[in-house]
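# A structural walkthrough
Residues per chain are reported as follows:
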Amino acid sequence: MKLYNRGMIIAGIVVFLIVATFPFWYGRGKAVSPPDLKLDTPAIQQLKEKLCVETAPYMRANHMKLLAAWRDGAVREGNRSYRTADGRVFQVSLTGTCLECHSNKKQFCDRCHDYAGAKPACWSCHIIPEEVR
Amino acid sequence: MNLIAALIAVLILTLSALGIAFSATLSFLLTAILPYAAFTVFIGGFIYRIVKWAKAPVPFRITTTCGQQTSLPWIKNNPLESPSNVWSVMGRMALELFLFRSLFRNTDVAIVGQRPVYGSAKWLWFFGLLFHWSLLIIVLRHLRFFIEPITPWIKSLSTIDGFFEIGVPTLYLSDVAIVAGLTFLFLRRMTVPRLRYISLVTDYFALLLLLGIVTTGLLMRHFFPADLLHVKNLALGWVTFAPAAPKGVGTVFYIHLSFVFTLLVWFPSSKLMHMGGIFLSPTRNLANDNRMKRHLNPWNAPVKVHTYEEYEEEFRDKMKLAGLPVEKE
């Protein structure tokens, strides 16, 4: 059977193929290594037990929710202490607690955020310690 | 009944996805083999349908009567509603593709005081447009998982989409719009008796499947966060043909993937093929040039014609004798 309007149909199919396979040809099939998060800041190396506020898998997926809860609690209710599930108590502070250990924003926060395309609004209010020092 | 069947189909999908999440072998199948299978079926099926449609001859111009066709120079024509050349056809197609022109023309009739009264009905147009545009934006935003480094235009699209910075992580406007659009399209089929009567299982299934994809996506973003590091590792693994087994992505992610792969596999054989089919709609893509060009029917049997010139050539002498006027002396 004849293919009518052959030129237009084939051009359309070619455009569809190019658009649909965009991720395949854009990266040229080059393997990308996942971001390398640096956990070797002086503060972390001094810790006896290398444990964040909560467990690492929880923090990886939920840190933004925890930080949002911290922000709302501290700013609106003046709640400045956080008790973890296993009874440890932390001061609620991004600069004082989080960044005390993770003082390497460029090698820690940014690497994952850039990789996943996340744009946290933290730094529109908070200072970045390593830039101030 | 149709609705219940579609609902059951979606539930079976959800349950099987849950089963897959708890089995190592099956989750390997879902994350390493099914993506390629689903994508191949989608691409292959899509091209098959287009080629099949293109083989159907459309010998005559199907003109729609919503605009004045090009005729005499002193009659004002409407190039977008009744195009007569390629550029006007492109204009009409663009209006249809980007703004759903033909849905905008939708009317509703009601009996007011024993008289039928016609009025415009823009609801379907509005929510249809809302749904399709947000779906496009959402698909484009998902490219952030498939390419590294992420191109600036994808980042800016996400920034504009999350312009109001509501909540953490930011609520995307397209997510709200797609839920609104799909909910309207679904409730429309449920509540309007005429539509309920003509709705098939697949009509409900398409909407429920899309709603399922959107719901699981929103759950992963706002309620049960998936570890995006592993999600991106997996997506990048697909496009570099080295899929890595994901860790810590949660069961919702598996349901999301199962829905998406079902959609991809089902797409070419469903009514959702209007994505490709809209380009081939004869009432939109054929110029109204019946009076300018002769369009031959490809399956016409060859007809032996005897033109006037040939006729005159044959009988000129006799015509002259009879005193009939001839064109050539």
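As shown above, the structure is provided for reference.
Attention in this report is confined to the structure presented alongside it.

Scanning chain A from N- to C-terminus turns up seven helices and two strands. Helices and strands appear in chain A in the N-to-C order α-α-α-α-β-β-α-α-α. Per-residue burial for chain A yields a buried fraction of 27% across its 133 residues. Sequence separation of 24 or more characterises 60% of the internal contacts of chain A that already satisfy a separation of 6 or more. Carbon and sulfur atoms form 59% of the exposed surface of chain A, whose accessible area is close to 9100 Å². Here chain A holds 19 positive side-chain charges and 12 negative ones, and the gap between their average locations is 10 Å.

So, on to helix α3 (residues 86-99) of chain B. Residue pairs three or four apart in sequence face the same way in an α-helix, which turns once every 3.6 residues. Residues and elements named next belong to chain B. For α3, which comprises 14 residues, the first-to-last C-alpha distance of 19 Å matches the rise-based estimate of 20 Å (1.5 Å per residue) to within 8%. For α3, the complete set of buried residues consists of Ser 88, Val 89, Arg 92, Met 93 and Glu 96. The arc enclosing the buried residues of α3, seen along the axis, measures out at 140 degrees, which places them on a common side. Residues of α3 that are exposed and angled more than 90 degrees away from the buried face: Val 86 and Trp 87.

The subject of this paragraph is the interface of chain A and chain B. Interface size is often expressed as the accessible area that is lost when the parts come together. Opposite the 35 residues of chain A that make contact, chain B presents 40 residues. Overall, the association of chain A and chain B removes approximately 3200 Å² of surface from exposure, summing both partners, and the carbon and sulfur fraction of that is 75%. Among the residues of chain A in contact with chain B, Phe 16, Phe 24 and Tyr 115 of chain A are the three that bury the most area, contributing 20% of the side total. For the pair chain A and chain B, the number of links is one salt bridge. Here Asp 227 of chain B makes a salt bridge to Arg 60 of chain A, at a shortest N to O gap of 3.9 Å. Secondary-structure elements contributing two or more residues to the side of chain A that touches chain B are α1 (6-20), α2 (22-26), α4 (56-77) and α6 (109-116) of chain A. Per-element tally for the side of chain A that touches chain B: the top contributor is α4 of chain A, with seven residues.

All names here are of chain A. On the secondary structure map, Asn 104 appears in the loop between α5 (94-101) and α6. Given the relative accessible area of 6%, Asn 104 is considered buried. Sequence separation between Asn 104 and Asp 40 is 64 residues; the distance between their C-alpha atoms is 9.1 Å.

Another point: the pattern of salt bridges. Close approach of charged atoms lets side chains of opposite charge pair. Following the criterion strictly, the structure yields 18 salt bridges over all chains and no others. Its salt-bridge partner being Asp 72 of chain A, residue Arg 71 of chain A comes within 3.1 Å of it at the nearest N-O pair. Of the residues examined, Arg 71 of chain A reaches a relative accessible area of 45% and is grouped as partly exposed. The partner of Glu 148 of chain B in a salt bridge is Lys 232 of chain B, and the shortest N-O contact between them spans 2.8 Å. Taken as a pair, Glu 148 of chain B in the loop between α5 (123-141) and α6 (152-161) and Lys 232 of chain B in helix α10 (residues 228-239) lie far apart in primary sequence, 84 residues in all. On the basis of relative accessible area, Lys 232 of chain B is assigned to the buried category, the value being 0%.

The rules we used
Residues numbered from 1 in each chain as written. Chains lettered and ligands numbered in written order. Predicted model: local features only at pLDDT ≥ 70, side-chain atom pairs only at ≥ 80, totals over all residues. Heavy atoms only, no water. Helix = DSSP H or I, 4+ residues; strand = E, 2+ residues; numbered from the N terminus. Buried < 20%, exposed > 50% of the residue type's maximum accessible area, 1.4 Å probe, protein only. Contact = heavy atoms within 4.5 Å. Areas by Shrake-Rupley, 256 points an atom, 1.4 Å probe, with all protein chains shown as cover. Lys, Arg positive; Asp, Glu negative; His and termini not counted. Charge placed at Lys NZ, Arg CZ, Asp CG, Glu CD. Expected span 1.5 Å × (residues − 1). Arc of directions from axis to C-beta. Buried area = accessible area lost by both parts, 1.4 Å probe. Salt bridge = Lys/Arg side-chain N within 4 Å of Asp/Glu carboxyl O.

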